[in-house]
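# Residue-level structure breakdown
Residue strings, one per chain:
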Amino acid sequence: MSSLAAPEAVAREGLRASRLRRRARTTAVTLALLLVAATLAVVALMLGDFRLSAAQVVGALAGSDEEPARFVVFDLRLPRLTLGILVGVAFGLAGALFQSVLRNPLASPDVIGVSQGASAGAVAALLLGGVTGLWVSVAAFAGGAAVGLLLYAVAWRGGLTGHRFVLSGIGVAYVCTSVVGYLLTRSEVREAQAALLWMTGSLAQADWDLVATLALAVAVLTPLVALVARGLDLLLLGDEQAAALGLRPELARGAVIALGVALACAATAAAGPVAFVALVAAPVARRLLGDGSLALLQSALVGVVLVVGADVAAQHLLPAVLPIDLSVPVGVVTGAVGGPYLIWLMVAGRTRSS
């Protein structure tokens, strides 16, 4: 009896040690990402035409009475930083949801057409409707949501598979891009310039009203993501196993996709289609963790690091956009980072196949 118990005890101890190592690595990665994000946030608040020290930034955030620092931090720089944080969280979560439920590393809003649909809606509002501000965001959200519904309808054939959804999304993305191109060619140069700036992805339009709108959307959607996380974990086991455990796979998959579309549309409506953040965030988070977990929290943090870091680089390391003194849009930097990553992903996938 003791001879049988010994291997079981060893196996239990090994499993316990493995769980402890995994938990320790998850904690370390999460804390490291938080530290990097906090450091970038302080740097973003320090840099600018009116330079501040780290002590001045911390003092202003803590309620210091030093008026110039408070004005620069709260009125000039904090809205842009907060918008960048919220955009990073939304895109990071959206990418993680899409890639997990569709089981495809290319399944992100900027690949499957959701961002392009939002762009088409916003450009139509700008160039045809002549509207600005909140109505552009509403039109962008409506365009992205319409594409999400269309993709689900087109890809459904007695069930939903990842490759069918992604291929349908690529086709819809080309259609939306053609619509945007047509609208741009029919518009005045000044109007087209404003639309192109929005389409690149920028945080320059940040103000507290826009931040509050996106914060409300993220505050509503994030708890729903936490609710569907368990169902998404079960879906990763396969539909049969998930159904045996009491989950309705298609209903859960539809809920996850709807949340991903909503997060991507909210972020795109606020800052434009910031390229590649949703595509890169989840794979980077999972590689840091070293396992196949959902890594939703870590994906959101990687998204924050990417957006805030890219915006710091765009504002302070790259030359201003000519002919006006305007900082480079954040989407230019994220695109420059995400493009090589996509190439690497293709090469690595081909190597594994070989």
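Notes on the structure follow. (Residues numbered from 1 in each chain as written. Predicted model: local features only at pLDDT ≥ 70, side-chain atom pairs only at ≥ 80, totals over all residues. Heavy atoms only, no water.)

Helix and strand counts for the chain come out as 13 helices and zero strands. When the elements of the chain are put in sequence order from the N terminus, they spell out α-α-α-α-α-α-α-α-α-α-α-α-α. A burial count over the chain gives 47% of its 354 residues as buried. The long-range fraction of contacts in the chain, counting pairs at least 24 apart against all pairs at least 6 apart in sequence, stands at 73%. Approximately 17700 Å² of the chain is accessible, and the part contributed by carbon and sulfur atoms is 67%. (Helix = DSSP H or I, 4+ residues; strand = E, 2+ residues; numbered from the N terminus. Buried < 20%, exposed > 50% of the residue type's maximum accessible area, 1.4 Å probe, protein only. Contact = heavy atoms within 4.5 Å. Areas by Shrake-Rupley, 256 points an atom, 1.4 Å probe, with all protein chains shown as cover.)

Glancing now at helix H12 (residues 296–316). Between the first and last C-alpha of H12 there are 30 Å, a value that for 21 residues agrees with the 30 Å anticipated at 1.5 Å per step. A large share of H12 lies buried, amounting to 16 of its 21 residues. (Expected span 1.5 Å × (residues − 1).)

A few words on helix H3 (residues 67–102). Given a rise of 1.5 Å per residue, 36 residues ought to cover 52 Å, and the 51 Å separating the end C-alpha atoms of H3 matches this to within 8%. Maximum bend of H3: about 55°, positioned at Arg-77, with proline Pro-79 one to four residues after it. (Bend = angle between axes of the 7 residues up to and from the residue.)

This part takes up unusual backbone geometry. Backbone geometry places Arg-103, a non-glycine residue, at a positive phi of 55°. Residue position: Arg-103 is located in the loop between H3 and helix H4 (114–129). Overall, the relative accessible area of 52% leaves Arg-103 in the exposed class. Within the chain, Ala-295 stands out as a residue other than glycine whose phi angle is a positive 55°. For Ala-295, the position within the fold is in the loop between helix H11 (277–289) and H12.

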